Amino acid sequence: MVASIQETPVINPYDGSVVGTVPEFSEQDVRDAISRAVQAAPIMASMPAHQRGSILNKAAQLIAGQVDEIARIMARENGKPLKYARLEAQRAVDTFNFAADEARRLHGETIPLDASAGGGGKVGYFIRVPVGVIAATTPFNFPLNLSVHKVAPAIAAGCTVVMKPAPATPMTVLKLAEILREAGLPDGAFEVITGGAEVGSWLTTDPRINMISFTGSPAVAHHITKTAGLRRVVLELGGNAATIIDEDANLDAAISRTIMGSFSYSGQVCISIQRIYIHRKRYEEFRTRFIAAAEKLKLGDPLSDACSRQLSSKMYIPVWR
């Protein structure tokens, strides 16, 4: 990553303290980062599977040894409770190891062609080749998990990645880049660019980008698809999640799961519960118990293990008529 002159502070949403500063990339900075990824693409494409797998396993090992440090970075810049940040870091270990396994078994396929008369004695085949340079954009709510889910499979497939993290949570991704360099990833194979919407636009519209992987809002995704052309595009957008509590529901289990699904990460999850439909015969009991459970949630400093989760916006609980 090349630092620009202008720097932007990253603010802790809990107490307003400055977590760190990151460069505000100029258009030339973005173009240069893409150039480095383009130069590294042939190196990654020709890298043998065992080497890609070893890099991914090493990254998993390095993350496993720094779970607490990575979790504190996430908790400070993101505001999520520390214990959930630790879980996110631990999940990244699994994701890298899974990707390492896939790197070693990526292969093509042979296809008998004798289903037609002219295909007797003939066999077709295909092989998998890296797509090239991937532009990846990640949101603030899971700064490590959603980044790892993009970069680990890309490395496994022999691709390079230019990643733009959310402006509010870049420190976690910069830490990830540091870990991947230590794991042996070649220079330019994983570039991190920081900044706002303009930076994302410069990234996704550059003609040297072969694939775009975006996680975020439908509005931004719609804009990306209008300019992507024939390039591959992968979109992970917001959810619209409802839960039904039927007449025969186990309310102990239902309360536990709906409290978790409603208030974890202050509701800032694409699969967070947004509506609960309750059978009219169970409505009053569910409502009473749900409110009581919500009132027991502990709020406060996300760096404290006593903090369970923060309350989200008001939940609508209609009766199922």
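Placed above this text is the structure.
For every chain, the first residue of its written sequence is number 1, and the numbers climb from 1 along that sequence. Confidence filtering applies because this is a predicted model: local features only for residues at pLDDT of at least 70, side-chain atom pairs given and counted only at 80 or more, and all residues used for totals across whole chains, interfaces and linings. Hydrogens and water are ignored here; the side-chain numbers use all heavy atoms of the structure.

## Quick notes on the layout of surface pockets
Grid points spaced at 1 Å over the protein atoms alone were grouped into cavities, where a 1.4 Å probe fits but cannot get out, and pockets, open sets with protein on both sides within 12 Å along at least five of seven lines, with lining residues defined by an atom within 4 Å of a point. Grid points are joined across faces, edges and corners, and a volume is the space filled by probe spheres set on the points. Approximately 350 Å³ is the volume found for the second largest pocket. Lining the second largest pocket are 19 residues; nearest its centre among them are Thr137, Lys164, Ala197, Phe214 and Val220. Mapped by element, the contributors of at least two residues to the lining of the second largest pocket are α7 (197-205), β8 (211-215) and α8 (218-228). We count a stretch as a helix when DSSP gives it H or I for four or more residues in a row; a strand needs E for two or more, and each element gets its number in order from the N terminus. Here the lining of the second largest pocket takes four residues from α7, the largest share from any one element. Each residue gets one of three labels, nonpolar for Ala, Val, Leu, Ile, Met, Phe, Trp, Tyr, Cys and Pro, charged for Asp, Glu, Lys and Arg, and polar for the others, Gly among them. In the lining of the second largest pocket, the residues fall into eight nonpolar, 10 polar and one charged.

## Some points on the packing of helix α2 (residues 49-64) against helix α4 (residues 82-105)
Any two packed helices are characterised by the angle at which their axes cross and by the distance between the axes. Lines fitted to C-alpha atoms define the axes, with helix axes restricted to the stretch in contact, and inter-axis angles between N-to-C directions lie between 0 and 180 degrees. Close contact between α2 and α4 brings their axes to 8 Å; oriented N to C, the two are set at 170°. Taken as axis vectors, α2 and α4 run roughly antiparallel relative to one another. Contact residues: Ala49, His50, Arg52, Gly53, Ser54, Leu56, Asn57, Ala59, Ala60, Ile63 and Ala64 in α2; Ala89, Ala92, Val93, Phe96, Asn97, Ala99, Ala100, Ala103 and Arg104 in α4. A breakdown of the residues in the contact of α2 with α4 according to their chemical character gives 13 nonpolar, five polar and two charged. Should an angle fall under 35 degrees it is called roughly parallel, over 145 degrees roughly antiparallel, and 65 to 115 degrees roughly perpendicular, with every other angle called oblique. Whether two residues touch is decided by their heavy atoms; if any such pair falls within 4.5 Å, the residues are in contact.

## Re the environment of Ile63
Counting through the fold element by element, Ile63 comes out in helix α2. On a C-alpha basis, the gap between Ile63 and Val123 in space is 44 Å, while along the polypeptide they are 60 residues apart. Not counting the four nearest positions on each side in its chain, Ile63 is found in contact with Ile70, Ala89, Ala92, Val93, Phe96, Leu176 and Ile179.

## Remarks on the packing of aromatic side chains
Between 30 and 60 degrees the pair is tilted, below 30 it is stacked and above 60 it is edge-to-face, where a pair is any two Phe, Tyr or Trp rings, Trp via its six-membered ring, whose centres lie within 6.5 Å. Applying the stated criterion to the full structure yields two aromatic pairs. A centroid spacing of 5.6 Å and a plane angle of 25° characterise the contact between Phe286 and Phe290, whose relative ring orientation is stacked. Of this pair, Phe286 and Phe290 both sit in helix α10 (residues 283-295), four residues apart, which is roughly one turn of the helix. Taking relative accessible area as the criterion, Phe286 reaches 0% and is therefore assigned buried. In this scheme, a residue with accessible area under 20% of its type's maximum is buried, one over 50% is exposed, and one in between is partly exposed, where area comes from a 1.4 Å probe on protein chains only. For Phe290, a relative accessible area of 4% puts it in the buried group.

## Things to note about the sheet that holds strand β7 (residues 190-192)
By definition, two strands form a pair when at least two bridges between them are found by DSSP. One open sheet holds the five strands; their spatial order is β7-β6-β5-β8-β9, and the pairing between them is parallel. Edge strands, defined here as strands with exactly one partner in the open sheet, are β7 and β9 (232-236). Each adjacent strand pair in this sheet contributes to an overall mean axis angle of 15°, direction not counted. With three bridges joining them, strand β6 (residues 160-164) and β7 adopt parallel strand pairing. Bridge pairing in β7 links Val161 to Phe190. Each of β5 (133-137), β6, β7, β8 and β9 touches helix α5 (residues 145-156); the most contacted strand, β6, lies at about 165° to it.

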